[in-house]
Amino acid sequence: MKIARKISLALLAVVVVVAVAFAAVRVQRERRMFDEDIRRDHERIAVVLAAKLSGHAGAEELVVASSNEATPSVLVRVVAVAQGSTEGPKPLAASTELAEVEPGEVAHFATVLPSGESRLLTYFPLAGRPGWALEISEPESAKHRYVERTLATTAIAIAIMVLSAGGLAVLLGSWVVARPVGELIEGARRLGAGDLSARVHLTPDNELGELAAALNSMASELESARKQVKDESRARAETLEQLRHTDRLATVGRLASAIAHELGTPLNVASGHAKLIATGRAQGEGATRSAVTIGEQCQRMTRIIRQVLQHSRRSPAQKIPVPASQIVREAVGWLAPLAEGRGVPLSVHPNTEAHFEVDPTRLQQVLINLVLNAVQASTSGSPVTVTVDALDAAPANVAIDGRVIRIAVRDRGSGMTSEVIGRVFEPFFTTKESGAGTGLGLSIARDIVTDHGGWITVSSEPGTGTCFEVFLPACTPPSDGAVSSAPSGGADDDLGGREHEGEQGLRPPAEGMPATAMSAVAEARALLLVGA
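### Examining helix H4 (residues 141-192)
Because an α-helix completes one turn every 3.6 residues, residues spaced three or four positions apart along the sequence face the same direction.
Right, on to step 1. The end-to-end C-alpha distance of H4, which contains 52 residues, comes to 70 Å, matching closely the 76 Å that a straight helix rising 1.5 Å per residue would cover.
Right, on to step 2. Largest kink in H4: about 40°, centred on Ser174.
Right, on to step 3. Immediately downstream of H4, the backbone of Gly194 shows phi near 100°, a positive value.

So this is what it looks like as structure tokens:
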């Protein structure tokens, strides 16, 4: 743990600095005390010798000699300290130093002899003999040895102190810092990895414990917030699906008149053939043909009702790869009767057979909303065109790689202002008359396209019409033939007129087509059959 090592090294450095400073102070104190002890010893020796000299006149040499024999390391002499004196032995101290000493005052000096030896000197004035004094000298080597012994013992003490302090610092750093910090790091990593159940168990008796408590509190709040977000996301998804279902029901309601017409035709046919059989006008093979016709018309009505119910029923999303042109033809086919009733030419231009992976029912809901709005915004004789193209690359500002499929729905209606365009995808915003629309169609269409990884744009000018463009990522066509391609029948399909079963665009679905796609094909066939 880096922080533990840093703290340990910092504590160790402090201990070393304090110990070295203590050793320096101690050495200086010991040197000072040694000098004071030497001076006191010299003064005591001088007092004793001075007393002997005063009681034994003329016995200086004998007293001095006996003193030197008793203490060989201490040299005692009687010297003349008076300035300019030529009598007796000369003192070892410099005359300039002695000149500063007051008469009758004990003086202490440290000097270096010409031989290089350092000595400690004490001058004790002799009573009754002005200008004379006892010179007591001792080499400083004893002091040096004493200081060296002091330094050695101090160094040993410092080493023991540093080792003890270092071990204690490492132990405390590991226990007090490294362990709790390691737990905090592990807890933070688990939280960063998304494990919000991670907790750091430290006693909150210090700052690290308080930090652990704050981290645990944050984890609890994040866990609660995640649960709340999940619940809100689930509720939003359910609400969004309800809105989509509501929009589908509104679409079914707007198609009710066309569906009624679709059912009216086979009912009239079946009723006519039933009357032929009932009145006996159809007998033999004629009766058989009438019965077959009645059965076929009943199947047509059953298919129409089944597809209406399927479109209005809520079902889970199921994406499958299908040809873009097929989905567009089927969705537009729903609205062919309405377009015909309003006198609006409705055509599809499939310029590509590229596939995309979508939920057919949901994408048809998008296209039905766009085409229905275009038909309702158009006047009689004003065409509505639906174009399907494949682009080699998406725009640079879109996070989609590779090819995209563009579905464009264009009308020549009254168009929209810039203010309306800015709000066109807002929920419950509509420019239609009251009761003519829910205001949810375009908002839900955008959500569905976004769920499929695409986007939707709109361009319009007042008086020139409107163009909605849906962009979806293309996919690779299935290689096992699980999904059939859209029926071919030319580059453009005009859906404004009535087509009969078996004609272009109304062929039976291929075998192996998924149930959703087959249902959509059958739905388109049923709604395109306007009168047999």
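Back to the write-up after that little detour.
### Side note on the pairing of strand S7 (residues 355-358)
Right, on to step 1. The pairing of strand S5 (residues 320-323) with S7 spans four bridges and is antiparallel. When the bridges of S7 are listed, Pro323 appears paired with His355.

### As for the packing of aromatic side chains
Right, on to step 1. All told, the structure shown has four aromatic pairs when counted by the stated rule.
Right, on to step 2. Judged by centre distance (6.3 Å) and plane angle (90°), the rings of Phe425 and Phe468 are edge-to-face. Placement of the pair is Phe425 in the loop between helix H10 (418-423) and helix H11 (441-451) and Phe468 in strand S11 (residues 465-475), with a sequence separation of 43 residues. Phe468 shares its class with Phe425; the two are buried.
Right, on to step 3. When the centroid spacing of 4.7 Å and the interplanar angle of 5° are considered together, the rings of Trp455 and Phe471 count as stacked. Residue Trp455 is located in strand S10 (residues 455-461), and its partner Phe471 is located in strand S11; the two are separated by 16 residues in the primary sequence.
Right, on to step 4. Overall, the relative accessible area of 7% leaves Phe471 in the buried class.

### Digging into the sheet that holds strand S3 (residues 118-125)
Right, on to step 1. Pairing in this open sheet of four strands is antiparallel, and the strands run S1-S4-S3-S2 from one edge to the other. Here the strands that pair on one side only, and so sit at the sheet edges, are strand S1 (75-80) and strand S2 (107-112). Here the average twist between neighbouring strands, direction ignored, is 30°.
Right, on to step 2. By the bridge criterion, six bridges tie S2 to S3 in an arrangement that is antiparallel. By the bridge assignment for S3, Phe109 is matched with Leu121.

### As for the side chain of Thr111
Right, on to step 1. Within the secondary structure, Thr111 is located in strand S2.
Right, on to step 2. Exposure remark for Thr111: the relative accessible area of 15% places this residue in the buried category.
Right, on to step 3. For Thr111, the residues in contact, after removing those within four places along its chain, are Leu92, Glu117, Ser118, Arg119 and Leu121.

### A closer look at the pattern of salt bridges
Right, on to step 1. The final tally for this structure, using the stated rule, is 13 salt bridges.
Right, on to step 2. Of the charged contacts, one joins Arg406 and Glu469 as a salt bridge, the two residues approaching to 3.9 Å between their closest N and O atoms. Taken as a pair, Arg406 in strand S9 (residues 404-411) and Glu469 in strand S11 lie far apart in primary sequence, 63 residues in all.
Right, on to step 3. Taking the relative accessible area as the measure of exposure, Glu469 reaches 17% and is therefore buried.
Right, on to step 4. Several salt bridges share partner residues, and in doing so they unite Lys227, Asp231 and Arg234 into one network.

### What about H11?
Right, on to step 1. In terms of residue burial, H11 counts as a mostly covered element, since eight of its 11 residues are buried.
Right, on to step 2. Where H11 is concerned, the buried positions are Gly441, Leu442, Ser443, Ile444, Ala445, Asp447, Ile448 and Val449.
Right, on to step 3. Gly453 lies just past H11 and shows a positive phi near 80°.

### Comments concerning the confidence of the model for the chain
Right, on to step 1. Across the chain, the average pLDDT comes to 75, with 75% of residues at 70 or higher.
Right, on to step 2. In the model of the chain, helix H12 (residues 515-528) stands out as the element of lowest mean pLDDT, 35, in contrast to S9, which has the highest, 94.
Right, on to step 3. Note that pLDDT drops below 50 for residues 482-532; the model gives that stretch 117 contacts with residues more than four away or on any other chain.

### Details of the packing of helix H9 (residues 360-377) against H11
Right, on to step 1. One can describe the packing of H9 onto H11 by two numbers: an axis separation of 9 Å at closest approach and a directional angle of 145°. In this structure, the crossing between H9 and H11 has a hand that is left-handed. Of the residues in H11, those touching H9 at Arg362, Gln365, Val366, Asn369, Leu370 and Asn373 are Gly441, Leu442, Ile444, Ala445, Ile448 and Val449.
Right, on to step 2. Considering only residue class, the contact of H9 with H11 consists of seven nonpolar, four polar and one charged.

### Brief notes about the packing of helix H8 (residues 324-342) against H9
Right, on to step 1. It is the contact of H8 with H9, at a shortest axis distance of 9 Å, that shows an interaxial angle of 30°. Between H8 and H9, the crossing angle belongs to the class labelled roughly parallel. The two elements H8 and H9 meet at a crossing, and its hand is right-handed. In this structure, H8 uses Ile327, Val328, Glu330, Ala331, Val332, Trp334, Leu335, Leu338, Ala339 and Arg342 to contact H9, whose residues at the interface are Pro360, Leu363, Gln364, Leu367, Ile368, Val371, Leu372, Val375 and Gln376.
Right, on to step 2. When the residues that make up the contact of H8 with H9 are grouped by side-chain class, the tally is 15 nonpolar, two polar and two charged.

### What about the nonpolar core?
Right, on to step 1. Core analysis: the biggest nonpolar cluster contains 47 residues, and Phe356 and Phe468 have the highest contact counts within it.
Right, on to step 2. In terms of nonpolar packing, the next biggest core, distinct from the first, is built from 13 residues, Ala46, Leu49, Val76 and Ala80 among them.

### Observations concerning the side chain of Thr150
Right, on to step 1. With respect to the secondary-structure elements, Thr150 resides in helix H4.
Right, on to step 2. Judged by relative accessible area, which is 7%, Thr150 ranks as buried.
Right, on to step 3. There is a polar contact of 2.9 Å between the side chain of Thr150 and the backbone oxygen of Tyr146.

### Digging into the environment of Met301
Right, on to step 1. With respect to the helices and strands, the residue Met301 is situated in helix H7 (residues 285-312).
Right, on to step 2. By relative accessible area, Met301 is classed as buried at 11%.
Right, on to step 3. Taking the C-alpha atoms as reference, Met301 lies 5.9 Å from Leu263; in sequence the two are 38 residues apart.

The rules behind the values
- Residues numbered from 1 in each chain as written.
- Predicted model: local features only at pLDDT ≥ 70, side-chain atom pairs only at ≥ 80, totals over all residues.
- Heavy atoms only, no water.
- Helix = DSSP H or I, 4+ residues; strand = E, 2+ residues; numbered from the N terminus.
- Expected span 1.5 Å × (residues − 1).
- Bend = angle between axes of the 7 residues up to and from the residue.
- Pairing = 2+ DSSP bridges.
- Phe/Tyr/Trp six-rings, centres within 6.5 Å; stacked < 30°, edge-to-face > 60°.
- Buried < 20%, exposed > 50% of the residue type's maximum accessible area, 1.4 Å probe, protein only.
- Axes fitted to C-alpha atoms, helices over the stretch in contact; angles between N-to-C directions.
- Contact = heavy atoms within 4.5 Å.
- Salt bridge = Lys/Arg side-chain N within 4 Å of Asp/Glu carboxyl O.
- pLDDT = per-residue confidence, 0-100.
- Left-handed = near helix turned anticlockwise from the far one by under 90°.
- Nonpolar A, V, L, I, M, F, W, Y, C, P; charged D, E, K, R; others polar.
- Parallel < 35°, antiparallel > 145°, perpendicular 65-115°, else oblique.
- Core = buried A, V, L, I, M, F, W, Y, C linked by side-chain atoms within 4.5 Å.
- Polar contact = N/O pair within 3.5 Å; in protein donor to acceptor, adjacent residues only side chain to side chain.

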